[in-house]
Amino acid sequence: METAISAEGLRKRYGDHQALDGIDLEVPAGTILGVLGPNGAGKTTTVRILATLLDPDEGRATVAGYDLATQAKLIRANVGLTGQYAAVDERLTGRENLQLIGTLLRLGRKGARARADELLEKFSLVDAADRMAKTYSGGMRRRLDLAASLVAAPPVLFLDEPTTGLDLTSRLALWEMIKEQVDAGVTVLLTTQYLEEADQLADRIAVIDKGVVIADGTPDELKREVGGERLEVSVASLADLTAATRVLADVSPQEPVVDRDSRTVSVPLAGGVNTIAAAATGLERLGIEPQDFAVRRSSLDDVFLALTGQRGADEDPAGPTGPAQQDDQAAQAEQQKEMQAA
Amino acid sequence: MTEVLSDSFALAGRQMRHIRRMPEQLLGITVMPVAFVLVFGYLFGSAMQVPGQGGYKEYIMAGIFAQVMLANLTTTAIGVVEDLNNGLVDRFRALPISRSSVLLGRTTADLVLVGWTSAIMAVVGYLIGWRAHNGVLQTLAGFGLLLLMGFAMSWLGALVGLSLRSPEAVSALSGVVMMPLAFLSNAFVPPEGLPGWMRVVVEWNPVSAVVSAARDLFGNERGASSGAFPSEHPVIAALVVLLALLAVVVPLAGRAYQRAAARR
């Protein structure tokens, strides 16, 4: 597949702080790369370099087929950027904001107006089009900001924490709009602190910490490789818990993790189906009827914790019933069913 | 080049829309200078002894014009800081437009505003008795020189805003810098009566050169020359100072724009 964004060994130093310490990235055309990492990991610096706002100290990159060092202006003509702040002129109306960008992009008066109308329609801003942007809600501003970065219909889009500070509804709406762009063939590099956001949107994820990429892969790969899968058994009584712990200790080389409050015991699923079978047989022999017997894949949260030693953003973007978690639960339920059938 | 101009024009148009949207802002920047004209012309004018026949009303106008031009520094600086902090500078820099057009657009728009303010002041000045005596061309040349000062201060303001990045710091600094520049000049007070060392400072203050030049071009009396070069040849001195300032500040502001926008 064609590569839309590639970066090799990007380094950037601010004083004695090494913000980027050799970032390598590859984003195939028409896909979303989620760049995940704690605050200060170098996400924004990476985006700013790739969007030509900042020169790297070292390293090479091509964006939309153009070389960062020698063809910056061509890159600017082919990328859209939405930064952490909704960069709109508050004292212009939504329509004027988009028309100004269109004029600067030399679409001509008519062209700029037509493109503005089109984008206002697409981003559900028609009703507010002739109000000053400072009267907009946070979600509307973000939509206008995203629309502004799309005036040129760029094939590559950089989104730097596009949903930070938005409520659930606005966030879901923005996710939909981002997905639409990708369906239309746009390549997206998205930074986020929200694991669910990366899980939900990204085809691949690169985890950045202290200026280097410490892991990358599809969300599933990351969960498998880093977190692995665990066999988890919940029982009715504390007596059963002790027995179940002994059974799991027998089938796994590692110590079981016991949670007495939820009367749950779990071990890493090292031996695959054999481990599951052995555990089931062991429990049956002791006459223990588990309340829950399941293989759980680690969440992206576990991955993040394992890789960076930090939790993801505290603020849970989608809440406990967010779509990402619903998907997770659905997947788990499915796995459980398969297990029960086996 | 035409691209730079058309981009600057579009960006200046953005600020003109701001004004259309909030006319009270225009009122805000016009009221103070007009109040100055009235306060200085009527209140202080009755107590001031100035050279020549025209009286203080004639003497003071060039001074108030210059003060308005000086204040243009703050206007531009604050505007630049706002654009930096709300991310608009990033947005513009990510577009395939010439990077000088953003600053040029802003300084041009601010020049238009300060031109408007001057026009209103001139009308009010005329109503209370200020006159230009040297004909249309020289009068226009006087305004041209003053606006050149406004433009130079605007670019200096862009540099200040890009370097300080906070509206509070801009206000603090511009207060500290502009007070002495305005008051240690011949804008409001004739230098004849000042103590010796202060008189030297006033004579060599570049603001004095612009004010003297404007007075000469308007045909408003400014008293005897002291013999110092800026006092002998105010128009040349003013032009040299302003063009030199622009030559230094424009490239510096351009560089600060590249780096300041890159720092965050």
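Bear in mind that the values here come from a model prediction, so they are computed numbers and not experimental data.

Criteria and thresholds
- Residues numbered from 1 in each chain as written.
- Chains lettered and ligands numbered in written order.
- Predicted model: local features only at pLDDT ≥ 70, side-chain atom pairs only at ≥ 80, totals over all residues.
- Heavy atoms only, no water.
- Helix = DSSP H or I, 4+ residues; strand = E, 2+ residues; numbered from the N terminus.
- Buried < 20%, exposed > 50% of the residue type's maximum accessible area, 1.4 Å probe, protein only.
- Contact = heavy atoms within 4.5 Å.
- Areas by Shrake-Rupley, 256 points an atom, 1.4 Å probe, with all protein chains shown as cover.
- Pairing = 2+ DSSP bridges.
- Axes fitted to C-alpha atoms, helices over the stretch in contact; angles between N-to-C directions.
- UniProt positions renumbered as here; feature names shortened; annotations may be inferred.
- pLDDT = per-residue confidence, 0-100.
- Core = buried A, V, L, I, M, F, W, Y, C linked by side-chain atoms within 4.5 Å.
- Buried area = accessible area lost by both parts, 1.4 Å probe.
- Salt bridge = Lys/Arg side-chain N within 4 Å of Asp/Glu carboxyl O.
- Polar contact = N/O pair within 3.5 Å; in protein donor to acceptor, adjacent residues only side chain to side chain.
- Nonpolar A, V, L, I, M, F, W, Y, C, P; charged D, E, K, R; others polar.
- Phe/Tyr/Trp six-rings, centres within 6.5 Å; stacked < 30°, edge-to-face > 60°.
- Lys NZ or Arg CZ within 6 Å of the ring centre and 35° of its normal.
- Patch = residues over 30% accessible without salt bridge, like charges linked within 9 Å, V, L, I, M, F, W, Y side chains within 5 Å.

A.B. asks: In this structure, what is going on with the overall build of chain A? I would like to understand it.
C.D. replies: For chain A, the helix and strand inventory stands at twelve helices and 14 strands. Burial status across chain A gives 50% buried among its 342 residues. Partitioning the contacts of chain A with sequence separation of at least 6, the portion at a separation of at least 24 is 68%. Summed over all atoms, the accessible surface of chain A reaches about 15500 Å², with 47% contributed by carbon and sulfur.

A.B. asks: Help me understand the sheet that holds strand β14 (residues 292-297) of chain A, please; the structure alone is not making it clear to me.
C.D. replies: Whenever strands of a sheet pair, they do so through backbone hydrogen bonds, lying parallel or antiparallel. Residues and elements named next belong to chain A. A sheet is described by the order of its strands in space; here four strands give the open sequence β12-β13-β11-β14, paired in antiparallel fashion. Looking at which strands have only one partner, the edges of the open sheet turn out to be β12 (257-259) and β14. The average undirected angle you get between the axes of adjacent strands in this sheet is 20°. Pairing geometry for β12 and strand β13 (residues 264-268), over three bridges, is antiparallel. Along β13, the bridge assignment pairs V257 with S266. Sheet strands touched by helix α10 (residues 273-285): β11 (229-234) and β14. Its angle to β14, the strand with the most contacts, is close to 160°.

A.B. asks: Help me out: how do you make sense of the UniProt feature "transmembrane region" (unreviewed entry) in chain B in this one?
C.D. replies: Residues and elements named next belong to chain B. Per the UniProt record, "transmembrane region" (unreviewed entry) is found at residues 26-47, 59-81, 102-128, 140-162, 169-189 and 235-254. Taken end to end, residues 140-162 has its terminal C-alpha atoms 33 Å apart, with 100% of it in helix and 0% in strand. Overall, residues 169-189 shows 71% helix and 0% strand. The separation of its end C-alpha atoms is 29 Å.

A.B. asks: Mind showing me how you'd approach the confidence of the model for chain A here?
C.D. replies: In low-pLDDT segments, the atomic positions of the prediction should not be examined closely. Across chain A, the average pLDDT comes to 84, with 87% of residues at 70 or higher. Across residues 314-342 of chain A, where pLDDT falls below 50, the model places 36 contacts with residues more than four positions away in sequence or in other chains.

A.B. asks: Would you mind showing me how to read the side chain of S234 of chain A here?
C.D. replies: All names here are of chain A. By the element assignment, S234 lies in strand β11. In this structure S234 comes out as buried when scored by relative accessible area, which is 10%. Contact partners of S234, with chain neighbours within four places excluded, come to R263, T264, P290, Q291 and D292.

A.B. asks: In this structure, what is going on with the nonpolar core? I would like to understand it.
C.D. replies: Generally speaking, soluble globular proteins have nonpolar side chains that are buried together. Formed by 111 residues in total, the largest nonpolar core has its most connected members in L98 and L146 of chain A together with F65, F92, L146 and M149 of chain B. Among the elements that take part in this core, helix α3 (residues 55-85) of chain B stands out by supplying 14 residues, more than any other. Ignoring sequence-local partners within four residues, the contact set of L146 of chain A consists of T82, F123, L157, L159, L174, M177 and I178 of chain A. Core analysis: the second largest hydrophobic core is formed by 29 residues, L20, L81 and I208 of chain A together with A94 of chain B among them.

A.B. asks: I'm lost on the interface of chain B and chain A in this one. Help?
C.D. replies: As a measure of interface size, the accessible area lost when the parts come together is often cited. Taken together, the contact between chain B and chain A spans 28 residues of the former and 30 residues of the latter. Interface area, chain B with chain A, both sides summed: about 2800 Å², of which 55% is carbon and sulfur. Broken down residue by residue, the surface that chain B buries against chain A is led by R21, R91 and P96 of chain B, which jointly contribute 24%. There are eight salt bridges connecting chain B and chain A. Two residues, R48 of chain A and D90 of chain B, come together in a salt bridge whose shortest N-O distance is 2.7 Å. Across the chain B-chain A interface, the total number found is 14 residue pairs in polar contact (both at pLDDT 80 or more). Of all the elements in the fold, those that place two or more residues in the side of chain B that touches chain A are α1 (2-21), α4 (88-93) and α11 (234-263) of chain B. Here the side of chain B that touches chain A takes nine residues from α1 of chain B, the largest share from any one element. Residue composition of the side of chain B that touches chain A, by class: eleven nonpolar, five polar and twelve charged.

A.B. asks: It is not clear to me how the sheet that holds strand β1 (residues 3-14) of chain A should be interpreted in this structure. Could you clarify?
C.D. replies: Residues and elements named next belong to chain A. With antiparallel pairing, four strands are arranged side by side in an open sheet as β2-β1-β4-β5. Strands at the two margins of the open sheet, each flanked by one partner only, are β2 (17-28) and β5 (66-67). Pairing of β1 with β2 involves nine bridges; the strand directions are antiparallel. From the neighbouring strand, R13 faces β2, where its bridge partner is Q18.

A.B. asks: What am I meant to see in the packing of aromatic side chains here?
C.D. replies: Pairs of aromatic rings are described using the distance from one ring centre to the other and the angle between the two planes. Residue and element names in this part refer to chain B. Within the structure shown, the criterion is met by twelve aromatic pairs over all chains. Ring centres of F40 and F188 lie 4.9 Å apart, and the angle between their planes is 15°; this geometry places the pair in the stacked category. Here F40 is found in helix α2 (residues 23-43), whereas its partner F188 is found in the loop between α7 (167-183) and α8 (196-204), with 148 residues between them in sequence. For F188, a relative accessible area of 3% puts it in the buried group. Consider the rings of F65 and F143, whose centres lie 5.1 Å apart with planes at 80°: the pair is edge-to-face. Here F143 lies in helix α6 (residues 135-164) and F65 lies in helix α3, a separation of 78 residues in the sequence. Both residues of the pair, F65 and F143, belong to the buried class. Among the aromatic residues, ring-to-ring pairing joins F36, F40, F44, F183 and F188 into one connected group. The cationic tip of R131 hangs over the ring face of Y126; the distance from NZ or CZ to the ring centre is 3.8 Å.

A.B. asks: Quick question: what am I supposed to make of a nonpolar patch on the surface here?
C.D. replies: Where nonpolar side chains cluster on the molecular surface, the patch consists of V200, W204, F229, I236 and V240 of chain B and spans about 510 Å² of accessible area. With respect to the secondary-structure elements, F229 of chain B resides in helix α10 (residues 229-232).

A.B. asks: I tried to follow the pairing of strand β6 (residues 79-82) of chain A on my own but got confused; where do I start?
C.D. replies: Across a regular strand the side chains alternate sides, sitting on one face of the sheet and then on the other. All names here are of chain A. The alternating pattern of β6 places V79 and L81 on one face and G80 and T82 on the opposite face, and all of these are buried. Two elements, β6 and strand β7 (residues 156-160), share four bridges in a ladder whose sense is parallel. Within β7, the position partnered with T82 by the bridge is L159.

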